[in-house]
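Commentary on secondary and tertiary structure
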Amino acid sequence: MIRFYFHTGPNPMKVALFLEETGLPYEVIPVDTLKGEQHKPQFLAINPNAKTPAIIDTDGLGEGPVTVFDSNAILLYLADKSGKLLGRPADRGQLLSWLMFVATGLGPYSGQSVHFRRAAPEPIPYAQNRYLREAERHYKVLDAHLEARNHIVGEDYTIVDIAAWGWIDRADFVLGDGRLGEFPNIARWFATIEARPAVARARAVGKDIAFKREIDDEARRNLFPQNYLVA
Amino acid sequence: MFESGTILVYLAEKTGRFLPNDIRKRKTVLEWLFWQVGGLGPMAGQNHHFAIYAPEKIPYAIDRYVNETNRLYGVLDRRLADRDFLADDYSIADMAAYPWVVPYERQGQNLDDTPNLKRWFEAVRGRPATVAAFARGEPYAGRPAVTEEGKKILFGQTAANISTR
């Protein structure tokens, strides 16, 4: 059983899709990040970085439960353990390369772009431009790679497609409405992923949870604690 | 293959060194490796950018990334309170994090505030392989980005001007 610590962000959604693709049994445990539940001691014991997703794998291969944090570490852990969605051994270098591309680039720069465009308390043109351009650059790199390819690594659907899907799903939010169309290979690849039945099931995860939605002062303090340090 | 995290994992798997096979120990190394590549690296990188390289000083951005670096140092410090290394033994997670703590002063951080992190930092720094690795890189440590030409190359990339196949 996988205890899945969940909020409705791109990173937890990657894990939701993997779980639905593989049919591993799981239970959803909501972590309301706008209310600051990620900062509570019980959650910090699972993820000292205070972010979602995290999992507890109650079947830790004999020695008790295994906790894992970081969406990409979770994908690699579950894939290595189950043998599913890892691609061919000969493609291991490419699998790791493109997984890291999502982990260090597509994710963080999409996140900074959203922060400065939508969440920062003041508009800062230099930062908005820097991160929008850097997010676009990552899209361009991925788009070029997907020319004449159906999947990011090798011939088969892997955890890298799942990891990238989590962020590309937010293209409108990160780059602007309708802009995915500027990257036709990504748009084609994304449509292929979207057609998978597991995607609809993944999107339904957590839909019935009444997470806090308003980005008010309380939410900002919980999401951006680094902006509120006492001098 | 590309990305420092990829190279570390690939070579660790190939050599059988610094990344255990035991599933629990292995996932601990990978958690902290991904924590570094997705967090400490990019956020300290943004810190460097706004504190040192950006053409204008933007207090909100500088504060955001200096404080986020500080938060991440705190996460490391708490992790290292009851252990010598990030995972069970010295691993690729330590090798990934250490070089990003080396420029702590430029990141506006004071290691005396995080004594466990400081202890770890000094232990890793003192390893003969660390000394040898940094000596190997010393001839190339020319800090190229401080020139205007270097800045144009590093910070001028857009979707339009990067080369495609």
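Quick caveat, the model's predicted, so the values are computed rather than measured.

**A short note on the overall build of chain B**
Of regular secondary structure, chain B possesses 7 helices and 0 strands. When its helices and strands are written in sequence order, chain B yields α-α-α-α-α-α-α. Sequence separation of 24 or more characterises 65% of the internal contacts of chain B that already satisfy a separation of 6 or more.

**Side note on the overall build of chain A**
Helix and strand counts for chain A come out as 10 helices and 4 strands. The C-alpha atoms of chain A give 18 Å as radius of gyration, which agrees with the globular expectation for 231 residues (17 Å, within 12%). Projected onto its principal axes, the C-alpha positions of chain A cover 50 × 45 × 30 Å. Looking at chain A as a whole, 44% of its 231 residues are labelled buried.

**Considerations on the confidence of the model for chain B**
When pLDDT is averaged along chain B, the result is 91; 87% of the residues meet or exceed 70. Per the prediction output, this complex has pTM 0.93; the corresponding ipTM is 0.95.

**Notes on the nonpolar core**
Residues Leu75(A), Leu99(A), Val102(A), Ile159(A), Val160(A), Ala164(A) and Leu33(B) are the most contacted members of the largest nonpolar core, which totals 97 residues. Residue assignment places this core across two domains, with domain 1 (2-84 + 202-228) and domain 2 (89-195) of chain A each supplying three or more. Those residues in contact with Ala164(A) that lie beyond four places of it in its chain are Val102(A), Leu106(A), Leu142(A) and Ile152(A).

**Details of the domain arrangement of chain A**
Residue and element names in this part refer to chain A. Domains assigned within chain A are domain 1 (2-84 + 202-228) and domain 2 (89-195). Distance from the C-alpha centre of domain 1 to the C-alpha centre of domain 2: 21 Å. Across the contact, 11 residues belong to domain 1 and 12 residues belong to domain 2. The set of elements that each furnish at least two residues to the side of domain 1 that touches domain 2 consists of helix H1 (10-22) and helix H3 (71-82).

**Examining the sheet that holds strand S3 (residues 54-57) of chain A**
Residues and elements named next belong to chain A. Pairing in this open sheet of 4 strands is mixed, and the strands run S2-S1-S3-S4 from one edge to the other. Each end of this open sheet is capped by a strand with a single partner; those strands are strand S2 (26-30) and strand S4 (66-69). For this sheet the average axis-to-axis angle between neighbouring strands, irrespective of direction, equals 20°. Where S3 lies against S4, 4 bridges are found, and the strand directions are antiparallel. Note that in S4 the partner of Ile 56 across the bridge is Thr 67.

**Description of helix H5 (residues 115-125) of chain B**
Residue and element names in this part refer to chain B. Residues of H5 that are buried include every one of Leu 117, Trp 120 and Val 124, and no others. Buried positions in H5, seen along its axis, are confined to an arc of 65° and lie on one side of it. Those residues of H5 that are exposed and angled more than 90 degrees off the buried face are Pro 115 and Glu 122. Against the buried residues of H5 lie helix H3 (59-79), helix H4 (92-101) and helix H6 (128-137).

**Quick word on the interface of chain B and chain A**
Opposite the 38 residues of chain B that make contact, chain A presents 41 residues. Where the side of chain B that touches chain A is concerned, the elements lending two or more residues are helix H1 (4-15), helix H2 (23-53) and H3 of chain B. Tallying contributions element by element places H2(B) first for the side of chain B that touches chain A, with 13 residues. Counted by class, the side of chain B that touches chain A contains 17 nonpolar, 10 polar and 11 charged residues.

**Considerations on the packing of H2(B) against H4(B)**
Residues and elements named next belong to chain B. Where H2 meets H4, the axes come as close as 8 Å, and the angle between the chain directions of the two elements is 15°. Looking at the two axes, H2 sits roughly parallel to H4. Judged by the twist between their axes, the crossing of H2 over H4 is left-handed. Counting all contacts with H2, which are made through Val 29, Trp 32, Leu 33, Gln 36, Val 37, Leu 40, Gly 41 and Ala 44, the residues of H4 involved are Ile 92, Ala 93, Ala 96, Ala 97 and Trp 100.

The rules behind these values
- Residues numbered from 1 in each chain as written.
- Chains lettered and ligands numbered in written order.
- Predicted model: local features only at pLDDT ≥ 70, side-chain atom pairs only at ≥ 80, totals over all residues.
- Helix = DSSP H or I, 4+ residues; strand = E, 2+ residues; numbered from the N terminus.
- Contact = placed C-beta atoms within 7 Å.
- Rg over C-alpha atoms; globule rule 2.2 N^0.38 Å.
- Buried ≥ 20, exposed ≤ 12 C-beta atoms within 10 Å, placed from the backbone.
- pLDDT = per-residue confidence, 0-100.
- Core = buried A, V, L, I, M, F, W, Y, C linked by C-beta atoms within 7 Å.
- Domains from an automatic or database assignment.
- Pairing = 2+ DSSP bridges.
- Axes fitted to C-alpha atoms, helices over the stretch in contact; angles between N-to-C directions.
- Arc of directions from axis to C-beta.
- Nonpolar A, V, L, I, M, F, W, Y, C, P; charged D, E, K, R; others polar.
- Parallel < 35°, antiparallel > 145°, perpendicular 65-115°, else oblique.
- Left-handed = near helix turned anticlockwise from the far one by under 90°.

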